[in-house]
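Per-entry structural report
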Amino acid sequence: MFRILSVQSKEEQERLAAECGALYHPRCPAYALYLGERFSGLCQFMIGAGRGEIVTLDAIPGFAGDADGDAEQYLAALCRTALSFLEQIGLSRALYTGGEKSRRLMLLSGFSDREGAWSTDLKALFSHCSAELWETK
């Protein structure tokens, strides 16, 4: 079983970034990926005017996933959690500005390559998750 949790303190975020070998971004919120009880990955993101940015999406060294999914599938779920949050707070676009990742990971995460930059339309990405589906009558 895997869990994705918001990082609750900057000290924890800094420690988790170091475990992944990622640069710590103190002004960014973050989500952490846990596979079982083991910390496995971190996504740090920025909230801007009308758009968000995924600035890191990294796993701990040696993380390969498990029988239920590979590392890229788990990292894509982690990234989509951050993208969903950005969409829920009303942002319409997101960019990926972090270190180079595989095309597969970017596509699994919901990004498209537009003129050499990875971006996504958050409304389109989550259009199948209409709030109407969750409303009770």
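Note that the structure is predicted; figures quoted are calculated from it, not measured.

Let's talk about helix 2 (residues 71-88)
With 18 residues, helix 2 extends 26 Å between its outermost C-alpha atoms, agreeing within 8% with the 26 Å of an ideal straight helix rising 1.5 Å per residue. Within helix 2, the full set of buried residues consists of Ala71, Tyr74, Leu75, Ala76, Leu78, Cys79, Ala82, Leu83, Ser84 and Leu86. The opening residue of helix 2, the one whose side-chain oxygen lies 3.1 Å from the backbone nitrogen of Glu72, is Asp70. Where helix 2 ends, the next residue or the one after it, Gly90, has phi of about 100 degrees, a positive value.

Some thoughts on the nonpolar core
If you look at the biggest cluster of nonpolar residues, it comprises 39 residues, and the most contacted ones within it are Phe39, Leu42, Ile54, Leu57, Phe63, Leu83 and Phe111. Elements represented by at least two residues in this core include exactly helix 1 (10-20), strand 2 (30-35), strand 3 (38-47), strand 4 (51-59), helix 2, strand 7 (93-96), helix 3 (103-109) and helix 4 (122-125). The element contributing the most residues to this core is helix 2, with 9 residues. Apart from residues no more than four positions distant in its own chain, Phe39 is found in contact with Leu16, Glu19, Cys20, Ala32, Leu33, Tyr34 and Ile60.

Quick notes on the sheet that holds strand 3
Pairing in this open sheet of 7 strands is mixed, and the strands run 1-2-3-4-7-9-8 from one edge to the other. The open sheet has two edge strands, strand 1 (2-6) and strand 8 (112-114), and neither has a second partner. Sheet twist, expressed as the average angle between the axes of neighbouring strands with direction ignored, equals 30 degrees. Alignment of strand 2 against strand 3, held across 6 bridges, turns out to be antiparallel. Bridge pairing in strand 3 links Leu33 to Gly41. Docked against the sheet, helix 1 engages strand 2, strand 3 and strand 4, running at close to 115 degrees with respect to strand 3. Sheet strands in contact with helix 2 are strand 1, strand 2, strand 3, strand 4, strand 7 and strand 9 (117-121), and its direction is about 35 degrees off that of strand 3.

Rules used throughout
Residues numbered from 1 in each chain as written. Predicted model: local features only at pLDDT ≥ 70, side-chain atom pairs only at ≥ 80, totals over all residues. Heavy atoms only, no water. Helix = DSSP H or I, 4+ residues; strand = E, 2+ residues; numbered from the N terminus. Expected span 1.5 Å × (residues − 1). Buried < 20%, exposed > 50% of the residue type's maximum accessible area, 1.4 Å probe, protein only. Polar contact = N/O pair within 3.5 Å; in protein donor to acceptor, adjacent residues only side chain to side chain. Core = buried A, V, L, I, M, F, W, Y, C linked by side-chain atoms within 4.5 Å. Contact = heavy atoms within 4.5 Å. Pairing = 2+ DSSP bridges. Axes fitted to C-alpha atoms, helices over the stretch in contact; angles between N-to-C directions.

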